[in-house]
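Below, each chain spelled out in residue letters.
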Amino acid sequence: DTAVSQTPKYLVTQMGNDKSIKCEQNLGHDTMYWYKQDSKKFLKIMFSYNNKELIINETVPNRFSPKSPDKAHLNLHINSLELGDSAVYFCASSQTSHIPGNEQYFGPGTRLTVT
Amino acid sequence: AQSVAQPEDQVNVAEGNPLTVKCTYSVSGNPYLFWYVQYPNRGLQFLLKYITGDNLVKGSYGFEAEFNKSQTSFHLKKPSALVSDSALYFCAVRLGHSNYQLIWGAGTKLIIKP
């Protein structure tokens, strides 16, 4: 199926650990995003890559580091996890080059719980 | 400052009745407006968008939205609500002239009662 996929779906870990979340899209899109959705359901953009180039880098702790090995993949590595990092992290993709106003397609989310 | 407002945290509607979920915006340039739906424990799904043209936009699952430039609104509507429409609805608008970034509303929880 064509989609945006994320692994893992659930991630439970202890404070201080380092973890990664992976995202892949097979829609042929040129832009990928990471969002954080908190317990109140607010959606916050964290990062975006266009053709492997970082184009959005919001105010996010340095412990968060995205990496895009190719257009179809965008990973998120988090160092020294803190309780406040507990949230649902969504990956999304869209086709943006020369086509303004295209919608974003979201993955199913990764629920991160830091204990 | 550019912003999107969804003034209602929750909207309750009886099944079969029409529903409206409100969204107002403040942006520079021509607004590109979007509605997304999030079902429990799922990712967001695109419903519809307004870029240009007809002010009444039709989307998925029988939803439509009306762009009103003078009132800077983009309300989501459906003539007859279904229980399965119960979900969290997000309005979003393109940030300035960016091709990449959206400004998101806080979301409105829609509850359809049988």
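From a predicted model like this one, the values you see are computed outputs, not experimental measurements. (Residues numbered from 1 in each chain as written. Chains lettered and ligands numbered in written order. Predicted model: local features only at pLDDT ≥ 70, side-chain atom pairs only at ≥ 80, totals over all residues. Heavy atoms only, no water.)

### Thoughts on the interface of chain A and chain B
Formally: Here, two residues are considered to be in contact whenever any of their heavy atoms come within 4.5 Å of each other. Summed over both partners, the accessible area lost on bringing two parts together, with a 1.4 Å probe, is the buried area. A pairing counts as a salt bridge when a side-chain nitrogen of Lys or Arg comes within 4 Å of a carboxyl oxygen of Asp or Glu. Here a polar contact is taken to be a pair of N or O atoms separated by no more than 3.5 Å, where protein atoms must pair a possible hydrogen donor with a possible acceptor and residues adjacent in sequence count only if both atoms sit in side chains. Numbered from the N terminus, helices here are DSSP runs of H or I no shorter than four residues, and strands are runs of E no shorter than two. Think of it as three bins: nonpolar holds Ala, Val, Leu, Ile, Met, Phe, Trp, Tyr, Cys and Pro, charged holds Asp, Glu, Lys and Arg, and polar takes everything else, Gly as well.
Taken together, the contact pairs 24 residues of chain A with 20 residues of chain B. Contact with chain B buries surface across chain A, with L43, G101 and E103 of chain A losing the most and accounting together for 25% of the total. Remark: the boundary between chain A and chain B carries 1 salt bridge. Put simply, K49 of chain B and E103 of chain A hold a salt bridge, and the shortest N to O gap is 2.9 Å. Inspection of the chain A/chain B interface yields 5 residue pairs in polar contact (both at pLDDT 80 or more). Of all the secondary-structure elements, those providing two or more residues to the side of chain A that touches chain B are β4 (31-37), β5 (43-50) and β6 (53-57) of chain A. No other element matches the 4 residues that β4 of chain A contributes to the side of chain A that touches chain B. For the side of chain A that touches chain B, the per-class residue count stands at 11 nonpolar, 8 polar and 5 charged.

### Some details on empty space enclosed by the protein
Residue and element names in this part refer to chain A. Convention followed: Residues are called lining when one of their atoms sits within 4 Å of a cavity or pocket point, these points coming from a 1 Å grid over the protein atoms alone, where a cavity is a set in which a 1.4 Å probe fits but cannot get out and a pocket is an open set with protein on both sides within 12 Å along at least five of seven lines. Grid points are joined across faces, edges and corners, and a volume is the space filled by probe spheres set on the points.
Scanning all chains against the criterion turns up 2 cavities of 30 Å³ or more. Empty space within the second largest cavity amounts to approximately 30 Å³. Lining the second largest cavity, in full, are D30, M32, Y49, N50, N51, K52, S68, D70, K71 and H73. When contributions to the lining of the second largest cavity are tallied by element, the ones reaching two or more residues are β5 and β7 (64-70).

### Side note on a positive patch on the surface
Threshold: Patches were defined on residues exceeding 30% relative accessible area and lacking a salt bridge, with like-charge contacts within 9 Å and nonpolar side-chain contacts (Val, Leu, Ile, Met, Phe, Trp, Tyr) within 5 Å. We get accessible surface area from the Shrake-Rupley algorithm with a probe of 1.4 Å; when it comes to residues, only the shown protein chains can shield them. As used throughout, the charge tally considers Lys and Arg to be positive and Asp and Glu to be negative, leaving His and the chain termini uncounted. Every charge is mapped to an atom, namely NZ of Lys, CZ of Arg, CG of Asp or CD of Glu. Buried, partly exposed and exposed residues are distinguished by accessible area as a fraction of the type maximum, computed with a 1.4 Å probe on protein chains only: under 20%, between the cut-offs, and over 50%, respectively.
Taken together, the side chains of K9, K41 and R111 of chain A together with R42 and K109 of chain B define a basic patch exposed on the protein surface. Position of K9 of chain A among the secondary structure elements: in the loop between β1 (4-7) and β2 (10-13). According to the relative accessible area criterion, K9 of chain A is partly exposed, its value standing at 38%.

### Quick look at the state of the cysteines
Definition in use: Disulfides are defined as cysteine sulfur pairs within 2.5 Å.
Taken as a whole and assessed by the stated rule, the structure comprises 2 disulfides over all chains. The disulfide that involves C23 of chain A links it to C91 of chain A, with 1.9 Å between the sulfurs. Linking C23 of chain A and C91 of chain A, the disulfide has an S-S dihedral of approximately -75 degrees and is accordingly described as left-handed. You can see C23 of chain A sitting in strand β3 (residues 19-25) and its partner C91 of chain A sitting in strand β9 (residues 87-94), a full 68 residues away along the chain. You'll find C23 of chain A and C91 of chain A in the same group, each marked buried. The partner cysteine of C23 of chain B in its disulfide is C91 of chain B, sulfur to sulfur 2.0 Å.

### Quick notes on the environment of L110 of chain B
Residues and elements named next belong to chain B. Position of L110 relative to the elements: it lies in strand β12 (residues 108-113). Overall, L110 belongs to the buried group, its relative accessible area being 1%. The spatial distance from the C-alpha of L110 to the C-alpha of G53 is 28 Å, given a sequence separation of 57 residues. Each residue touching L110, except ones within four places of it in the same chain, is listed here: V11, V13, L19, D85, S86, A87 and Y89.

### Focus on the environment of V114 of chain A
Residue placement: V114 of chain A occurs in strand β11 (residues 110-114). In contact with V114 of chain A, other than residues within four places in its own chain, are T13, Q14, M15, L81, E82, L83, D85 and S86 of chain A.

### Examining the pattern of salt bridges
Evaluation of the coordinates by the stated rule reveals 6 salt bridges over all chains. When the shortest N-O distance is used, the salt bridge between E64 of chain B and K58 of chain B registers 2.9 Å. For K58 of chain B, a relative accessible area of 64% gives the class exposed. Between E66 of chain B and K77 of chain B there is a salt bridge; the shortest N-O distance is 3.7 Å. Taken together, the residues span a long stretch of sequence, with E66 of chain B in strand β8 (residues 64-68) and K77 of chain B in strand β9 (residues 73-78) at a distance of 11 residues. Judged by its relative accessible area of 29%, K77 of chain B falls in the partly exposed class. One continuous salt-bridge network, built from bridges that share partners, spans R63, E82 and D85 of chain A.

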